[in-house]
Amino acid sequence: AQSVTQPDIHITVSEGASLELRCNYSYGATPYLFWYVQSPGQGLQLLLKYFSGDTLVQGIKGFEAEFKRSQSSFNLRKPSVHWSDAAEYFCAATNNAGNMLTFGGGTRLMVKP
Amino acid sequence: NAGVTQTPKFQVLKTGQSMTLQCAQDMNHEYMSWYRQDPGMGLRLIHYSVGAGITDQGEVPNGYNVSRSTTEDFPLRLLSAAPSQTSVYFCASSLGQGALNEQYFGPGTRLTVT
């Protein structure tokens, strides 16, 4: 069965520290991959996406993600976290022409001052 | 543009009651969908529509009905609410079907069924 796994439910980092959020997928073929951010009380906002080509993709708000086929991973990174980055982050995937996204369970990021 | 709007923001229902969650978009998007969000499970697709008059089931459709009479509106109906339907519901829309079309999400409706 197709699935997306985010191993870390909660992560706490200090402001200014680097961040890496993990995402693993299980699909028959390489899926299209996405990272979304959800601020408290808000809907989801797309941070970045990977379809093909360069395995390092840049997104909004200074985020980037690296696709690693050998590890079935699509980890999200940011070199220096800001307090405003505190939110919940979702990795998602789809492998067809439709929009039926499969979401991971989410990682809640807390930022210490 | 207002984007994707959802009403109400919060709702409490008793078991067996019915209600409709409203979703509207003003971006002339053909594709619309409903998700539910439960802790630790991410978002799961309930129903979707690829255009006015066309709807289809997603991953967790049981207990929910939808219709799409206009391009703008995509209401979600709970005919007989159950505690298992306590969740946060998100509506999303995109220009067309396909992963290349970015989905825009509404702010959500938090539903509690007692």
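Cut-off values and rules
- Residues numbered from 1 in each chain as written.
- Chains lettered and ligands numbered in written order.
- Predicted model: local features only at pLDDT ≥ 70, side-chain atom pairs only at ≥ 80, totals over all residues.
- Heavy atoms only, no water.
- Helix = DSSP H or I, 4+ residues; strand = E, 2+ residues; numbered from the N terminus.
- Buried < 20%, exposed > 50% of the residue type's maximum accessible area, 1.4 Å probe, protein only.
- Polar contact = N/O pair within 3.5 Å; in protein donor to acceptor, adjacent residues only side chain to side chain.
- Pairing = 2+ DSSP bridges.
- Contact = heavy atoms within 4.5 Å.
- Buried area = accessible area lost by both parts, 1.4 Å probe.
- Salt bridge = Lys/Arg side-chain N within 4 Å of Asp/Glu carboxyl O.
- Nonpolar A, V, L, I, M, F, W, Y, C, P; charged D, E, K, R; others polar.
- Axes fitted to C-alpha atoms, helices over the stretch in contact; angles between N-to-C directions.

J.: Give a description of the side chain of Gln 103 of chain B that names residues and reports values.
T.: Residues and elements named next belong to chain B. Summarising the element assignment, Gln 103 is placed in the loop between β9 (87–94) and β10 (104–105). The class for Gln 103 is buried, based on a relative accessible area of 4%. There is a polar contact of 3.5 Å between the side chain of Gln 103 and the side chain of Ser 33.

J.: Can you lay out the pairing of strand β6 (residues 44–50) of chain A for me, pointing to particular residues and giving the numbers?
T.: Residue and element names in this part refer to chain A. Across the seven residues that make up β6, a large majority, five, are buried. Pairing analysis gives six bridges linking strand β5 (residues 32–38) to β6, with the strands arranged antiparallel. Within β6, the position partnered with Leu 33 by the bridge is Tyr 50. Hairpin connection of β5 to β6: five residues between the antiparallel strands, including Gly 41 at a positive phi of 75°.

J.: Could you give an account of the interface of chain B and chain A, with specific residues and numbers?
T.: Think of interface size as the accessible area that goes away when the parts come together; that is how it is often given. On the chain A side, the residues contacting the 24 residues of chain B number 23 residues. Between chain B and chain A, roughly 1600 Å² of surface is buried when both sides are summed, and carbon and sulfur atoms account for 58% of that area. Our enumeration of links across chain B and chain A arrives at zero salt bridges. Joining chain B to chain A, the criterion identifies one residue pair in polar contact (both at pLDDT 80 or more). Contributions of two or more residues to the side of chain B that touches chain A are made by β4 (31–37), β5 (43–51) and β9 of chain B. Among the residues forming the side of chain B that touches chain A, the class breakdown is eleven nonpolar, twelve polar and one charged.

J.: Mind laying out the sheet that holds strand β3 (residues 19–25) of chain B, listing which residues take part and the relevant values?
T.: Sheet strands pair via backbone hydrogen bonds, and the direction of the pair is either parallel or antiparallel. All names here are of chain B. Read from one edge of the open sheet, four strands run β1-β3-β8-β7, paired in antiparallel fashion. A strand with exactly one partner marks an edge of an open sheet, and here the two such strands are β1 (4–7) and β7 (64–66). Averaged over all neighbouring strand pairs, the angle between strand axes comes to 20°, with direction disregarded.

These results come straight from atomic positions and should not be treated as a statement about function.
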